[in-house]
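Take a look at the letters that make up each chain.
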Amino acid sequence: MLAITNAIIYDGKGNRFEDQDLIIENGKFAKLVPASKIPDFYHVIDAQGKVLTPGLIDVHTHLGISEEGVGLEGADYNETSSSVTPSLRAIDGINPMEIGFEDARKSGVTTAQIMPGSANVIGGEMVILKTAGNIVDEMVVKSPSGMKAALGENPKRFHGGKGRMPVTRMGVAAQLREKLIEAQNYLHKEEKERKLDLENLAKVLKKEIPLRVHAHRADDILTALRIKREFDIDMTIEHCTEGHKIAAFIAKHDVKVSVGPTMSTRSKVELKDKGWTTIKTLMDAGIACSLTTDHPVVGIDYLVTSAVHAIRNGLSEQEALQTITLNAAKHLGIEDRVGSIEPGKDADFVIWSGSPFDLLSKAEHVYIEGEEV
């Protein structure tokens, strides 16, 4: 039994509490109670007037599957031997002892979605993990959590550069459609041999998991939405760099969007119009948005820094916090477990030395399921 007293609590839902103590039981948030109403048998932690928030969530990373400072031996995120690889599972390539997990914990990130890279038209299944642990299977929050797809320059460059399809954006979209149609036909067969690639894609067609589509340019976003309509599937748009140009149209499609890594450089033509006002424009259009670092494109320890930049460009502090807490949990479909301080949810939280949006503040204490990590 744990009680946190004397904290300024931001619950991730837009509420702020200064006169409530937080009760944690069996690794879950239990309740907020008036100050000084803590039973004697609780272990009490005095936050000394510091800020407490839900644990942060990064919705789009390659944590542990693209290892930092290792080189080829740690590059397990792009199976470039083929342009279409839905049979892959990111969980099989993750090193949970990779230093990025430590960076995540130290910066208040307690949950992350980890996915294959964007070299392939279809990259494989992704997984959501807590950021503490040595056994991947024991860190899982949800597996699989989506199927990776990618449009635009990356599949063209990786595979077209080797003289094979896809060479054009038309070829990228065609390969995605062809594989989805193959999976449709597979689903309709009464007797069928097991085919892992089609079994995994069938989960998308049956709406068990969403197709999460890497798309930067506005025209690629439109292609993704076209495919969503054609196949009647659930979808998220990942990156959405030029989403501000077509925000009203995106808003008609019931999709959630991750924005970022806006802290990166303009390393390719698709990023030439990137900017911090994109997420504000999308949210003003009524689109559910999250921020991402795309770690290790930008280090996961800069997730809260990304939120600071969004505040500088129009988001309120509460809106910015939600992009890396509750909105992020909803993006991943795990809002029943994480993302806000509510009874029954995992006790993942951070005690900051000051405002989390002051870059001089530190994540002094980080808890996952009621245990300090």
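This one's a predicted model, so the numbers in the text were calculated from it and none came from an experiment.

Rules of the game
- Residues numbered from 1 in each chain as written.
- Predicted model: local features only at pLDDT ≥ 70, side-chain atom pairs only at ≥ 80, totals over all residues.
- Heavy atoms only, no water.
- Salt bridge = Lys/Arg side-chain N within 4 Å of Asp/Glu carboxyl O.
- Helix = DSSP H or I, 4+ residues; strand = E, 2+ residues; numbered from the N terminus.
- Buried < 20%, exposed > 50% of the residue type's maximum accessible area, 1.4 Å probe, protein only.
- Pairing = 2+ DSSP bridges.
- Axes fitted to C-alpha atoms, helices over the stretch in contact; angles between N-to-C directions.
- Contact = heavy atoms within 4.5 Å.

### Description of the pattern of salt bridges
This model, assessed by the stated rule, comprises 30 salt bridges. In this structure, Glu-125 engages Lys-203 in a salt bridge whose closest nitrogen and oxygen atoms are separated by 2.9 Å. Of this pair, Glu-125 sits in strand S10 (residues 122-130) while Lys-203 is found in helix H5 (residues 196-205), placing the two residues 78 residues apart along the sequence. On the basis of relative accessible area, Lys-203 is assigned to the buried category, the value being 18%. Of the charged contacts in the structure, one is a salt bridge between Glu-182 and Lys-179, with a shortest N-O distance of 3.2 Å. Remark: Lys-179 and Glu-182 occur in helix H4 (residues 169-188); sequence separation between them is 3 residues, near one turn of the helix. Judged by relative accessible area, Lys-179 falls into the buried class, the value being 14%. In the salt-bridge network here, residues are joined through shared partners; they are Glu-153, Lys-156, Arg-169, Arg-217, Asp-219, Asp-220, Lys-268 and Glu-270.

### Quick look at the sheet that holds S10
In space, the 8 strands of this open sheet follow the order S8-S9-S10-S11-S12-S13-S14-S15, with mixed pairing throughout. Single-partner strands in this sheet number two, and they are strand S8 (56-61) and strand S15 (289-291). Direction aside, the axes of adjacent strands within the sheet are offset by 25° on average. In this structure, strand S14 (residues 256-259) lies alongside S15, joined through 3 bridges in parallel fashion. Following the sheet pairing, Ser-258 is matched in S15 by Ser-290. Against the sheet, helix H6 (residues 218-231) engages strand S12 (211-215) and strand S13 (235-239), with an angle of about 165° to S13.

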